[in-house]
Every structure is written in structure tokens, then in C-alpha cells.
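# Inside the fold
Chain residues, written in single-letter form:
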Amino acid sequence: MSSRREYPLIGLTPLWDKDKQRYWMFPDYIDCIRHAGGIPVILPLGDTPEDMDRIIHSVDGILFTGGPDIDPVIYGAVDKTGTVDVCAKRDAFEIPLMRLARTLRTPTFCICRGIQILNVAMGGTVYEDIPSQYQTNLHHMQCIPFSEPSHTVAIEKKSGLYELLGADQIWVNSCHHQAIRHLAKGLFVAARSSDGLIEAVELPWESFCVGVQWHPERLGYDNPSSCAMFRAFIEACCR
Ligand code: MN
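Reading guide: rules and limits
Residues numbered from 1 in each chain as written. Predicted model: local features only at pLDDT ≥ 70, side-chain atom pairs only at ≥ 80, totals over all residues. Heavy atoms only, no water. Helix = DSSP H or I, 4+ residues; strand = E, 2+ residues; numbered from the N terminus. Buried < 20%, exposed > 50% of the residue type's maximum accessible area, 1.4 Å probe, protein only. Contact = heavy atoms within 4.5 Å. Pairing = 2+ DSSP bridges. Axes fitted to C-alpha atoms, helices over the stretch in contact; angles between N-to-C directions.

### Description of the environment of Pro107
Turning to its location among the elements, Pro107 is positioned in the loop between helix 3 (88–104) and strand 6 (108–111). The class of Pro107 is buried, set by a relative accessible area of 8%. The spatial distance from the C-alpha of Pro107 to the C-alpha of Phe233 is 7.0 Å, given a sequence separation of 126 residues. Setting aside chain neighbours within four positions, we find Pro107 in contact with Asp60, Gly61, Ile62, Ser207, Phe208, Phe233, Ala236 and Cys237.

Spelled out as C-alpha cells, the structure:
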């Protein structure tokens, strides 16, 4: 939006229940945006160029939420065995929306599936299934509640994330069975877990385009790193 708002409108990519044919949303995303000073709005799954255009010009920022796997056909993978569940409606909406957001430099926060959408939309690929395709001693699908951290990530010192958090390591939760495999050209790695997997990326030339593999919203707004990221995102959306 060209007009400046005191409380920016943040579009959330919606979750879709295929069985019930219903939209739904986790309240944690809503709460974290509200606490950071934004107004969350759940976006419709429109998939025409007109839909994309109207939506992106109606919001000040976009949060790409977690969700099912991206259809591997989209990033050119042949082996589908590691893919658990896909949502064609979300793929058809989120990939072009992400590309448009990068063209327009709309502030964007990408969580879990969101970081994978960012990477795939820019030409990267993902591991379809970490346990069968990546050697690791970490449980990226943690057994403890998602509100609790389960592994650390090392923050890249030259990253905007390091500047924001002022820490070279933080504890994060982990509930993903996929992760970035080939990093898209232009994306900058901002954090990795101890096994070397990419856990955060950013686009240094944008005011705020950050992707994280963990769920900051599930750690809660009183978690210092989650709070700092949501506040920085909303601040970028006010400019
Ligand atoms: Mn993880």
C-alpha cells in the first residue's frame, strides 16, 4: 500500500481443510501479529492474476503460514515418495503471490511451509522427507509440545537476523519433515541447525523478507526472538 498506516494490514495465507472444504487458521499467527501492532486479515485463495493484484495492493505485508508439502512437480522433482500431503489450492495461490511480492518488495514473513514456498518460488528445491533423505541426529519433527524449543540454530553473523536478534545461537521448536535442499539464487542463509540444515533465509536488499523453518508464533510472543521478529516485520510494513 502506498498510504502509511499506524496499524498495518497483514495478509495471512489461509489454511485449507480438504476434508471439510473449509478455511481455517491457527490463533497464534493472529495473536503474534496483533501483539506486534498489525491487523491480521486472512486472505482468500484466489488464483487469477487479478486476484493476486488486488490482494497485494490491499495489504501492507504478507505472512506465509505453515501447512502441507509443496507438490514436488512444481520444483521438478520426480520422486514423490517422501511427500506426505499437498494442497493444490494453496500452491496455486502462494507461489505466484510470493513472486509478485518479490517484484513489489512487499514485506514478507515466511514460516515453515512459507520458507519452502519462498525458496521454490525463487527456483530452489526442498528435501521431500528429511528422515529418509538427510543424515541427521536431530528430531526435526519434535515429540514435545510445539510451544517448547527442541534444538538450537546458529545465526549467521553477517545476516540481518543476527543484527535483529543480537545472538549467535537461539533455541527454536521444530515441526517439519521437509527443508530447503537447493537454495534459490539470491536467497541468503541466515541460520542453520547443528546438522547443517538451513533453518532461516533472508533477502538482504528488501526491507523485510525473512523465512524461518521453525514456528516463532508457537513459541509465543513473550519469546524474545519471536517477539523481535514479529515486531521487525510489522515495523517494515508501516514504512
Ligand atoms: Mn528444525
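The structure having been displayed, the exposition proceeds.
### A word on the sheet that holds strand 5 (residues 61–64)
Spatially, the nine strands line up as an open sheet ordered 4-1-5-6-13-12-11-8-9, and their pairing is mixed. Of all strands in the sheet, those bounded by a partner on one side alone are strand 4 (39–42) and strand 9 (169–172). Strand after strand, the sheet turns through a mean of 20° between neighbouring axes, direction not considered. Against the sheet, helix 4 (residues 113–121) contacts strand 5, strand 6, strand 12 (198–202) and strand 13 (209–212), and its axis sits at roughly 115° relative to strand 6.

Just geometry here; none of it tells us what the structure is for.
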